[in-house]
Amino acid sequence: MPENQQWLRTDEQRDVLASLEEVRHQVERALGDPKQWKWAIIAMCSALNGALVCHLTGSAGIGALNKKCAVETLKALNDDKPEEIPKPWLAYPKTLLQRSQRREQPDTRIESAGPQIMVSKCQKTAFDTLFDFRNELIHYKPSGWSIEVSGFPSLFWSCLEIILRVNDAGYGFRHLTQEEAAKLERTVADLERLLRTK
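Each chain has its residues counted from 1, following the order in which its sequence is written. Reporting in this predicted model follows two pLDDT cut-offs: at least 70 for local features of residues, and 80 or more for side-chain atom pairs to be given and counted; totals over whole chains, interfaces and linings ignore these cut-offs and use all residues. Side-chain metrics in this entry use all non-hydrogen atoms of the structure; hydrogen atoms and water are not considered.

Bringing unusual backbone geometry into the picture now. At Asp80, a residue that is not glycine, the phi angle is positive and equals roughly 55°. Numbering of helices and strands runs from the N terminus; a helix is a DSSP stretch of H or I covering at least four residues, while a strand is a stretch of E covering at least two. Examined against the element boundaries, Asp80 turns out to sit in the loop between helix H3 (67–78) and helix H4 (93–100).

Written out as structure tokens, the structure reads:
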């Protein structure tokens, strides 16, 4: 491979770690410049979505897919027809959160993976609010906004607690190396320091 070629190699677990590092970077910036909350929101939503994907994905790789895609993928796998496996299509973030809170119930869990996590009403509200902001910020419509950001540290902490629940469950990040797991712990500790002091 020529020296000037660079490759990005990642997976869902390492992307959560990278997203959390970006959250930390953007929160540090946002505390001095409110415009940076946009990037912190996008990074936090990436970390949340990725953590739920890690938590819900079992050996068939379908637990985080939307129901139609999961059913078609499972059928192709069971029929030994890999050429018929559809392009993966994730379920919506709010659906992923709902699935993570229930175990083996119809229309929620699609495959066995991480254990049920407990999410408080406050955490769910923070999750919904953050993804609503993200959707508005990345699908920007012609408009002007005035957003009170003084509550964002608390909102972010509530969302970070969901990622901590995934981590504590012991399933979603099981493929991280010891060094990566330690980095995840340090990043979360840094974020706690930043978010809880505001």
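Here the narrative resumes.
Moving on: the packing of H4 against helix H5 (residues 121–138). A fitted line through C-alpha atoms represents every axis, and for helices the fit uses only the stretch in contact; the resulting angles, taken between N-to-C directions, go from 0 to 180 degrees. Look at H4 against H5: their axes get within 10 Å of each other, and the N-to-C directions meet at 160°. Relative to H5, H4 is oriented roughly antiparallel. The chirality of how H4 crosses H5 is right-handed. Across from Pro93, Lys94 and Leu97 in H4, the residues of H5 making contact are Lys124, Phe127, Asp128, Phe131 and Asp132. Charged residues are taken to be Asp, Glu, Lys and Arg, nonpolar residues to be Ala, Val, Leu, Ile, Met, Phe, Trp, Tyr, Cys and Pro, and polar residues to be all remaining types, Gly included. For the contact of H4 with H5, a count of residues per class yields four nonpolar, no polar and four charged. Under this scheme an angle from 65 to 115 degrees is roughly perpendicular, one under 35 degrees roughly parallel, and one over 145 degrees roughly antiparallel; angles in between are oblique. Crossing handedness is defined as follows: a turn of the near helix away from the far one that is anticlockwise and smaller than a right angle gives a left-handed crossing, while the clockwise case is right-handed. In what follows, residue pairs with any heavy atoms lying within 4.5 Å of each other are defined as contacts.

The next point concerns the packing of aromatic side chains. Between the rings of Phe, Tyr and Trp (Trp by its six-membered ring), a pair exists once the centres lie within 6.5 Å; its type follows the angle of the planes, with under 30 degrees stacked, over 60 edge-to-face, and the other angles tilted. Counted under the stated rule, the structure contains five aromatic pairs. Between the aromatic rings of Phe152 and Phe156, the centroid separation amounts to 6.4 Å while the plane-to-plane angle is 35°, which identifies the pairing as tilted. On the criterion of helical spacing, the pair formed by Phe152 and Phe156 is a turn pair, its members being four residues apart in helix H6 (residues 152–169). Burial status follows relative accessibility: with a 1.4 Å probe on protein chains alone, a residue under 20% of its type maximum counts as buried, one over 50% as exposed, and anything between as partly exposed. Residue class for Phe152 comes out buried when judged on its relative accessible area of 5%. Overall, the relative accessible area of 0% leaves Phe156 in the buried class. Of the aromatic side chains, those joined through ring pairs into one cluster are Trp37, Phe133, Phe152 and Phe156.

Moving on: the pattern of salt bridges. Any Lys or Arg side-chain nitrogen found within 4 Å of a carboxyl oxygen on Asp or Glu counts as a salt bridge. This model, assessed by the stated rule, comprises nine salt bridges. Here Asp190 makes a salt bridge to Arg24, at a shortest N to O gap of 3.0 Å. Within this pair, whereas Asp190 is found in helix H7 (residues 178–196), its partner Arg24 is found in helix H1 (residues 12–30), the two being separated by 166 residues in sequence. Taking the relative accessible area as the measure of exposure, Asp190 reaches 25% and is therefore partly exposed.

Right, let's get into a nonpolar patch on the surface. Only residues above 30% relative accessible area that lack a salt bridge enter a patch, with like-charged residues linked at up to 9 Å and the nonpolar side chains Val, Leu, Ile, Met, Phe, Trp and Tyr linked at up to 5 Å. Surface accessibility in these figures is a Shrake-Rupley result with a 1.4 Å probe; residues are shielded only by whichever protein chains are displayed. A grouping of Leu74, Leu77 and Ile85 is seen on the molecular surface, where their side chains present a nonpolar patch of about 210 Å² in accessible area. In this structure, Leu77 sits in helix H3.

A few words now on the environment of Lys75. Topologically, Lys75 is positioned in helix H3. We classify Lys75 as exposed; its relative accessible area is 52%. Between the C-alpha atom of Lys75 and that of Ile85, which follows or precedes it by ten residues, the distance is 8.3 Å.

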